[in-house]
Amino acid sequence: MKQIHFTVNGIPCVCDEGMTILQAARANGIEIPNLCNDERVRVYGACGLCAVEITDGGDGRPLPKLLRACSAKIAEGYAVRFDTDRVTRSRKIALELLMSDHTGDCRGPCQLNCPAGTDCQGYVKKIAQGDFQGAVEIIKEKIPLPASIGRVCPHPCEQHCRRGLVEQPVSIAALKAHAADRDLAGTPFRAAQKPDSGKRVAVVGGGPAGLTAAYFLRLAGHAVTVLDAQAHMGGMLRYGIPAYRLPKDVLDREIALIAETGVTLKNGVRLGRDITLDALRRAYDAVILATGAWASMPMRVPGEELSGVTGGIEFLHGISSQEGEIPDLSGKTVAVCGGGNTAMDACRTAVRCGAEKVYVIYRRTRSEMPAEDIEITEAEQEGVIFRFLTNPAELIGENGRVRQMRLQIMELGEPDASGRRAPVPVEGKYELLDTDLVIMAIGQKPDPAGLDGIFLTNRGTVSADAHSFLTNLPGVYAVGDATNRGASIAIEAIGEAGRCAKVADAALRGESKPYFAPFYSQKAVTAADLADRETVPRCEPPVRDAAERRTDFLPVSLGLTDAAAMHEAKRCLECGCHDYADCRLIRYAQQQPISPERFAGAKNVHQPERRLVTIERDNGKCILCALCVRICEEQAKQGILGLVGRGFPTVIRPEFDRPERISACRDCLLCADACPTGALRIL
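So, how was this worked out
Counting restarts for each chain: residues are numbered from 1 in the order of the written sequence. The model is predicted, so local features are restricted to residues of pLDDT at least 70 and side-chain atom pairs to those at 80 or more, both for listing and for counting; the totals for chains, interfaces and linings are taken over all residues. Where side-chain values are given, they derive from all heavy atoms of the structure, hydrogens and water being excluded. Pairing between two strands requires that DSSP report at least two bridges joining them. Secondary structure elements are taken from DSSP: a helix is a run of H or I of four residues or more, a strand is a run of E of two residues or more, and numbering for both begins at the N terminus. Fitting a line to C-alpha atoms yields each axis, with helices limited to the stretch in contact; the angle taken between N-to-C directions then spans 0 to 180 degrees. Any two residues having at least one pair of non-hydrogen atoms within 4.5 Å are treated as being in contact. Accessible area is worked out with a 1.4 Å probe on protein chains only. A residue is then buried under 20% of its type maximum, exposed over 50%, and partly exposed in between. Nonpolar core, defined: a set of buried Ala, Val, Leu, Ile, Met, Phe, Trp, Tyr and Cys residues in which side-chain atoms within 4.5 Å join the residues together. In this entry, domain limits derive from an automatic or database-based domain assignment. Here the aromatic set is Phe, Tyr and Trp, taking the six-membered ring for Trp, and pairing holds for ring centres within 6.5 Å; pairs whose planes are under 30 degrees apart are stacked, those over 60 apart are edge-to-face, and all others are tilted.

1. Thoughts on the sheet that holds strand β20 (residues 476-478)
Part 1 of the argument: The sheet built from five strands is open, its strands ordered β8-β7-β6-β9-β20 with parallel pairing. Strand pairing shows two members of the sheet lacking a second neighbour, β8 (264-267) and β20, which therefore form its edges. Strand-to-strand, the axes of this sheet are offset by a mean angle of 20°, without reference to chain direction.
Part 2 of the argument: With three bridges connecting them, strand β9 (residues 286-289) and β20 associate as parallel partners. Among the inter-strand pairings, isoleucine 288 is bridged to a residue of β20, identified as tyrosine 477.
Part 3 of the argument: Here helix α9 (residues 208-219) sits on the sheet and contacts β6 (200-204), β7 (223-228), β8 and β9; the angle it forms with β7, its principal contact strand, is near 170°.

2. Topic: the side chain of threonine 212
Part 1 of the argument: Mapped onto the elements of the fold, threonine 212 is located in helix α9.
Part 2 of the argument: Judged by its relative accessible area of 0%, threonine 212 falls in the buried class.
Part 3 of the argument: Not counting residues up to four positions away in its chain, the partners in contact with threonine 212 are Pro144, Ile494, Ala497 and Gly498.

3. Description of the nonpolar core
One broad trend across soluble globular proteins is that nonpolar side chains are buried collectively.
Part 1 of the argument: Ranked by size, the top nonpolar core spans 70 residues in total, and within it Tyr123, Ile127, Ile149 and Ile288 carry the most contacts.
Part 2 of the argument: Looking at which element gives the most residues to this core, the answer is helix α16 (residues 490-508), with nine residues.
Part 3 of the argument: Mapping this core onto the domain boundaries places at least three of its residues in each of domain 2 (109-190 + 519-569) and domain 3 (200-294 + 447-508).
Part 4 of the argument: Those residues in contact with tyrosine 123, other than ones at most four positions away along the chain, are Thr118, Ala135, Ile138, Ile139, Ile172 and Lys176.
Part 5 of the argument: Listed in part, the 30 residues of the second largest apolar core include Phe315, Ala343, Ala350 and Ile439.

4. Some words on the packing of aromatic side chains
Part 1 of the argument: Tallying each qualifying case throughout the model produces five aromatic pairs.
Part 2 of the argument: Ring centres of tyrosine 239 and tryptophan 294 lie 5.9 Å apart, and the angle between their planes is 65°; this geometry places the pair in the edge-to-face category. Remark: tryptophan 294 occurs in the loop between β9 and β10 (295-296) and tyrosine 239 occurs in helix α10 (residues 236-239); sequence separation between them is 55 residues.
Part 3 of the argument: The class of tyrosine 239 is buried, set by a relative accessible area of 1%.
Part 4 of the argument: Arranged with centres 6.5 Å apart and planes meeting at 35°, the rings of tyrosine 244 and phenylalanine 553 form a pair that is tilted. One end of the pair, tyrosine 244, is in the loop between α10 and α11 (248-260); the other, phenylalanine 553, is in the loop between α17 (546-549) and α18 (562-569), with 309 residues separating them in the sequence.

Printed below as a string of structure tokens:
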């Protein structure tokens, strides 16, 4: 047979005469995007994704129109491209039109709302099956410190868990901690590492962001050194979170596993004091700044300079890390200013230091507090007194030491930019509160010392590009609490560091692969949609009695048993698409930025149907490629499926007009195999 010589995206290829462009490219190991093509059936040409541009038709001249690779034949000398601007625009529009009427969950809301993008649904399912190691393998694709994060994460995943529409969200964080604890107690999982690349990376900062970046860059084959100013690694996980929430031996074991991958850990090295950024740039191929936010934000009220006034981070540092002495606050009154988790850590720590009275001063009400509800509840159980709708106006001292706090009485006004109702002072209304120690826990900020030559934002944080994570200095990246928006939760820093590691790895290999948030199809679900689900109470890990735990720093939570973890995991509704890993539609949609909202308008509303005997059919995910119709007609020789209607409301429906067709459908399943999306699911 005659051989045809051509190129695809500049790659020389050869194939037999008579092939379509799509077949010819495939024969040479090149995939041209397509959804409606299947070699088992005739060409249909419905999706439009396989458009290509012929920049040389074999005679030195380009063809004027784009061709559909599924139907156009290859010819001698063709220069085929599917990466030109014309083709990219055409494919973008085709994808946007398809996605504008695509109703389905690519990923569950738990994963979509995890800042690290952890496959929560995946590891929860593994736990439900009793496969705890499999769960850890999934978690460690994103989080190298799962036992620690499972204990301290405020779990935004749970806040969006649809099980909450039935009764209560799945205990995702507790399940993560349980699986990770089992892993640490046995032979811990170790991810595969790529061969050494010969590249060297310095990471400045040994907190969750720095350790995460180091871990993933080491797995990618690079030599990584982490430099940290503190006596031990862990950052705020060690120095900001009390041991009753995160035992330091758990953190130490997880850090040791990172070190075992070959990451070099160096403590007591402060940037600007012991080494300069310029020296690091000369010695390493890349530098990642993950220096954190180690200073408490000031309250900016008179008397703040008095003795007995300290920041939340400064108060917690030595106590939480167990590197300092536990202060004796017996008989003292402590006032903690703030409503976040650091404020909760500070007030509960003050209780454990023996304080007689501990107040939390917060300018809004409990419902507006950003701290986790469980932290507030447990603080109340331990005797903390909450003074809502009050705000520090002045600190009053005696002989240079704080003795009283003048509180401005507040009321809630209109919602602010975050949607919370803004606190407004009540004119002329104040109260006095006696206090021996004031702890400011209203926020954190980074220290710019040692960041010579780095551009900072007007907030004093490191300015880093949102897609490349690069600072203004070539080869210097920045992630975590020290960058852009400033301090946030640990899982945010971990997620950003993981993404940065991928970008930096590509750059070290000579490639430019900036990060862009992947597109996902999402659907709205209401409680009415889940009204048929059985109510199953949430399984909470047991905790120690408040009277006992308030006297020590031993863990409050006693964790889950295997049986309880499996039972809890089975409450998962499995919201994400069953076919995500093999769905060509979402794979193509994530290869370039798309904006389906440009074609916003009416959407077809479909309910999942179970009318194909052994297959669940969801027309909301159907793209009308008609592959199932053609497979049923041309391969199965049944003709059970057909396109019903015309235009926008068109759907695919079955017709079981004879008993033998039901039997044929039960044994066939070819349509589900051919479907390029998750519209057909074998039950």
